[in-house]
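# Observations on the model geometry
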There are 2 protein chains.
Amino acid sequence: MYRNRTCGELTIADVNKQVTLAGWVARVRKMGGMTFVDLRDRYGITQLSFNQEVNHDLFEQVNKLGREWVVQVIGTVAERSSKNMNIPTGEIEIIVSELTVLNASKTPPFTIETETDGGDDIRMKYRYLDLRRDAVRKNLELRHKMAFETRRYLDERGFLEVETPVLIASTPEGARDFIVPSRMNPGEFYALPQSPQLFKQLLMVSGFDRYFQIVKCFRDEDLRADRQPEFTQIDCEMSFVDQEDVLNMFEGLTKHLFKAIKGVEIPDFERMSYTDAMKLYGSDKPDTRFEMKFVELKDLTEDRDFVVFDSAEYVGAICATGCASYTRKQVDELTDFVKRPQIGAKGLIYVRYSEDSSLKSSVDKFFSEDDLRKWAERCNAKPGDLLLILPGETEKAQKQLCELRLEMGARLGLRDKNIYKCLWVTDFPLLEKDEELNRFFAKHHPFTSPKAEDIDMLDTNPAAVRASAYDMIINGVEIGGGSIRIHNSELQKKMFSVLGFSDERAEEQFGFLMDAFQYGAPPHGGIAFGLDRFVSIFAGLDSIRDCIAFPKNNSGRDVMIDAPAKVEKEQLDELGISSKPTN
Amino acid sequence: MYRNRTCGELTIADVNKQVTLAGWVARVRKMGGMTFVDLRDRYGITQLSFNQEVNHDLFEQVNKLGREWVVQVIGTVAERSSKNMNIPTGEIEIIVSELTVLNASKTPPFTIETETDGGDDIRMKYRYLDLRRDAVRKNLELRHKMAFETRRYLDERGFLEVETPVLIASTPEGARDFIVPSRMNPGEFYALPQSPQLFKQLLMVSGFDRYFQIVKCFRDEDLRADRQPEFTQIDCEMSFVDQEDVLNMFEGLTKHLFKAIKGVEIPDFERMSYTDAMKLYGSDKPDTRFEMKFVELKDLTEDRDFVVFDSAEYVGAICATGCASYTRKQVDELTDFVKRPQIGAKGLIYVRYSEDSSLKSSVDKFFSEDDLRKWAERCNAKPGDLLLILPGETEKAQKQLCELRLEMGARLGLRDKNIYKCLWVTDFPLLEKDEELNRFFAKHHPFTSPKAEDIDMLDTNPAAVRASAYDMIINGVEIGGGSIRIHNSELQKKMFSVLGFSDERAEEQFGFLMDAFQYGAPPHGGIAFGLDRFVSIFAGLDSIRDCIAFPKNNSGRDVMIDAPAKVEKEQLDELGISSKPTN
């Protein structure tokens, strides 16, 4: 062992001890006849002290060290004269008696500090140096802890982690698969799993009863800012349970993680139906750290000849507490915000409820102060508040209002990263209609069970059937989702028929699962969490990228190792494929 | 919840309690006016009892149940009249008052019993039913426990589990990669990792200091009986360590697993150099559950005009204790055994050391009893023993003798699956020469460090250079292996030059690692364990297949889901590849 202590553990209690440390030179400070080195390892930083008078040779040696050199030192712990109370080792330093250079370093292309001078691109190219930074390393430490505590919690409750295969078969339904040519089976391909869904259901058929797996999944999608082609799920399934059992188990897991890792006690989760979530927040993943719920005003706006409202299916308002004092400029900013193409509103209507109780709006031509007062009352507004109103086609206007609400929440500082609001959204619609194709799609997946009381409507009004499906939302981010599955072959057949699958196609795509279900499938259901996103919430990050050791960029490239890359022609020949680049 | 107790937990202490159970009908036994059902779940089997006189309707209902139906029952725990002391629940039964069929089942294609009537092929096709069998399920429970205890042990020692990417770049060196066409980067391919080797070394450069990962790896090899295209490694790496530190840490892990899971205390591991292992056992993974070490006799066989020995580079013997009484037929069997093409010996020479102290051999024409007695003495043979002797070219003869030794160990019952002998084999040669290509290859991989005291020989006698490389062997099975890595750029360059890499080619293949090593790489080393094999040793299995939930067959096929499979032409078009099957 090249050390007997780490750079994060020595304190005033260790004074006079002889220690051996090893680590990286974070900083060299030369102050006349003294040189101080900050030695860094994963555990912290310890100051090394070199005195020209005491040891001239050593002093010469230390002054040649560069940033990020790897050194080993032997020395004695001493109390510092000028203490740094911001770090645990800040009261001591090491009076070094022996210094060994274990490896030199070129000057790194950016500073290895919490606040670095390196841009995104250079940091990704030299990710191995970026990972030396405290800020990034802490995220991966957090990720390790979350994964470990998840396993501990589930293990204690009788869950078995079972590894399901990575080389499986492609299913045309759903997102695009990555495929892998098989050399031993020419002309055939494996696919990488988008989730272990089918396998975990088969494990339930096998009687495995409580399964989980922390597992890599793959999706060949055009990447948005916060998507990765490979991502990690905490994948779980249970037998002989109903929805309530699943929610309780995984609410418990989440509370455990908050408690064990952040020391935060989370109260019982709020629950909200999909319908309410859409009505009150315009989103199936509402940020419930703040209220500002939607209020419908349509009925109060009629008979005033204001065509914008009259022609609108929906008129919705939010009440921004204390914002009556917003300047013209601020209101214009909000208007510009909702008119951005990504949001797409035509304009924004506001009502100022001034401190003197007068009400003024951008639609004063059409509505009297009395009209406005009725709106304000319905919104529970108080003098000093500002109503923001969007009209339009219900779904679209709600989505726009949702964006505006989030923006106002941010402006008002109501989206504090240190506050955690957890929520179950339940009772999702089972089906989604593609109007163009005039067919239904499963909103979750084709194995999701309808709610027992809605099954009859599969024939009469499929769009109204609710699913036993649920999402876990934390601070407006979807952390996980799942459902109770169909375990009855007849109901599954019915479901396929509603989805417009021929028996043949159902058999072709899901044959082995359908077969399995005929050999005694138990009632079962489960959930899957996005670990990357879960960690990012705990880390207070907006992006998942910095919770991943070696992420890919928006083109799916790993710029550090330069993957993907061309391969030798012989390799393709052996696989029986040829590549025909489009450019 | 469909149950409040499991089928494995009720005992005499629960008599008179009302319980709800759910599970699979393992067996229905009709005995006149009584019917008994064995209800099975993951936790055990509980007997259900139905009395025609007490509840006629229920009795009718139960008699319609078939094997593997899924049922829920409510009933009262009662003491059995005829007890089965072989199972934990064998003293009780449930007097059922309510029975609900949760799902019917077709008759399964084989019996779901420890000893099933199903052949390999049918069991693989219906793997989800095979997994219901106690014997198979227990292996996966064991696997879960081993993985969990591994994580616990490493977590307690400050190791961080870091996920490395699955979509990486192909490296031509080593075994064949599986590759994955990239849609977003036409003409380019990802590769699936054969191990996270490069990434774990980069993590060391990043200062992660104690890394592990239980991770899927991939190798597109022609499959032998006990190989899978995807397999799982316990992959570990440490910084600021020498070989001794790594051996101690992972000897500790292994002892912990044996203790925590099997309750077995393993003494400190034996250590053996590669040279000794080859000399004494003819194998770098000797089964040390029994002695029967090789004894070299060449010098004792000279000047007797026996051309077989005289022309042989090597004459080696093993002493089979108590086998002097072997019949002619038994000796012929052994001769046939070593003459099998897989082993390839020309014949077998034996010396019988009879109980009356006389010595007889198959080469009596050439050697006197005195000669034979000298051989026997050197072998430490006693009256009653049998010497088995193989001559030939050293390496080949040792390999043949190794097979013969293992066969004799098996015949003599010396390879007990309940005895565990753990061993470190160390000091492997750094290089292996390919005589045909007249170049050296890295025996381990090009990053393995030579032993410090052998570095000078890299120039003068590369074949003699020993590596800081080590394998962990349990009962003759290689469970893991690793090495101290080169962290010095100059030494790494030297190594590449010995391996005949041009600077250019080294740069092309390992450029980013070489770059990384210039930014302060710490001394580091590690190890990787084959989890599948580790579990199979604990489970007492000869094959890894039954330690894997959904294994592939020898053609790399998953016969249950029928993967790999053809994909739609559109899918290939989108990826810019075309498939040209060879048939």
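For the structure, check the block above.
Just so we're clear, the structure is a prediction, and the values are computed from it rather than from any experiment.

Procedures and definitions
- Residues numbered from 1 in each chain as written.
- Chains lettered and ligands numbered in written order.
- Predicted model: local features only at pLDDT ≥ 70, side-chain atom pairs only at ≥ 80, totals over all residues.
- Heavy atoms only, no water.
- Pairing = 2+ DSSP bridges.
- Helix = DSSP H or I, 4+ residues; strand = E, 2+ residues; numbered from the N terminus.
- Axes fitted to C-alpha atoms, helices over the stretch in contact; angles between N-to-C directions.
- Contact = heavy atoms within 4.5 Å.
- Buried area = accessible area lost by both parts, 1.4 Å probe.
- Salt bridge = Lys/Arg side-chain N within 4 Å of Asp/Glu carboxyl O.
- Polar contact = N/O pair within 3.5 Å; in protein donor to acceptor, adjacent residues only side chain to side chain.
- Least-squares fit on C-alpha atoms with pLDDT ≥ 70 in both.
- Parallel < 35°, antiparallel > 145°, perpendicular 65-115°, else oblique.
- Left-handed = near helix turned anticlockwise from the far one by under 90°.
- Nonpolar A, V, L, I, M, F, W, Y, C, P; charged D, E, K, R; others polar.

## Some thoughts on the sheet that holds strand β1 (residues 18-31) of chain A
Residues and elements named next belong to chain A. The five strands lie next to each other as β1-β2-β3-β5-β4, forming a closed barrel whose pairing is mixed. Here the strands of the sheet are splayed against their neighbours by 55 degrees on average, with no regard to which way each runs. Pairing between strand β2 (residues 34-41) and strand β3 (residues 44-51): eight bridges, direction antiparallel. Pairing of D38 across the sheet is with Q47, part of β3.

## Some thoughts on the sheet that holds strand β1 (residues 18-31) of chain B
All names here are of chain B. Reading around the circumference, β1-β2-β3-β5-β4 is the order of the five strands in this closed barrel, with mixed pairing throughout. Between one strand and the next, the sheet's axes are offset by a mean angle of 55 degrees, whatever the strand orientation. Inspection of the sheet shows β1 paired to strand β4 (residues 70-79) by seven bridges, in the antiparallel sense. Its bridge partner lying in β4, V19 is registered against G75.

## Thoughts on the interface of chain A and chain B
Facing 126 residues of chain A, the contacting portion of chain B comprises 126 residues. Contact between chain A and chain B buries roughly 11400 Å² in total, counting both sides, with carbon and sulfur atoms accounting for 59%. Counting across the chain A and chain B interface gives 16 salt bridges. The salt bridge partner of E188(A) is R557(B), with a shortest N-O separation of 2.6 Å. At the junction of chain A and chain B, the tally comes to 69 residue pairs in polar contact (both at pLDDT 80 or more). With nine residues, the single largest contributor to the side of chain A that touches chain B is helix α4 (residues 134-156) of chain A. Pairing between strand β23 (residues 577-579) of chain A and strand β23 (residues 577-579) of chain B: three bridges, direction antiparallel. Each residue of the ladder has a partner; that of S579(A), found in β23(B), is I577(B).

## A closer look at the relation of the copies chain A and chain B
Overlaying chain A on chain B yields an RMSD of 0.1 Å, the required transformation being a rotation through 180 degrees with an accompanying axial translation of 0.0 Å. Both copies of the chain, as the preceding transformation shows, are related through a two-fold rotation axis. The residues that chain A uses at the interface reappear at the interface of chain B in 100% of cases, marking a shared surface.

## Quick notes on the packing of α4(A) against helix α6 (residues 243-262) of chain A
Residue and element names in this part refer to chain A. Where α4 meets α6, the closest approach of the two axes is 10 Å, and the angle between their N-to-C directions is 135 degrees. Taken together, the axes of α4 and α6 are oblique relative to one another. Note that α4 runs across α6; the crossing there is right-handed. Of the residues in α6, those in contact with L142, K145, M146, E149, T150, Y153 and L154 of α4 are M249, F250, G252, L253, H256, L257, A260 and I261. Class assignment for the residues of the contact of α4 with α6 results in 10 nonpolar, three polar and two charged.

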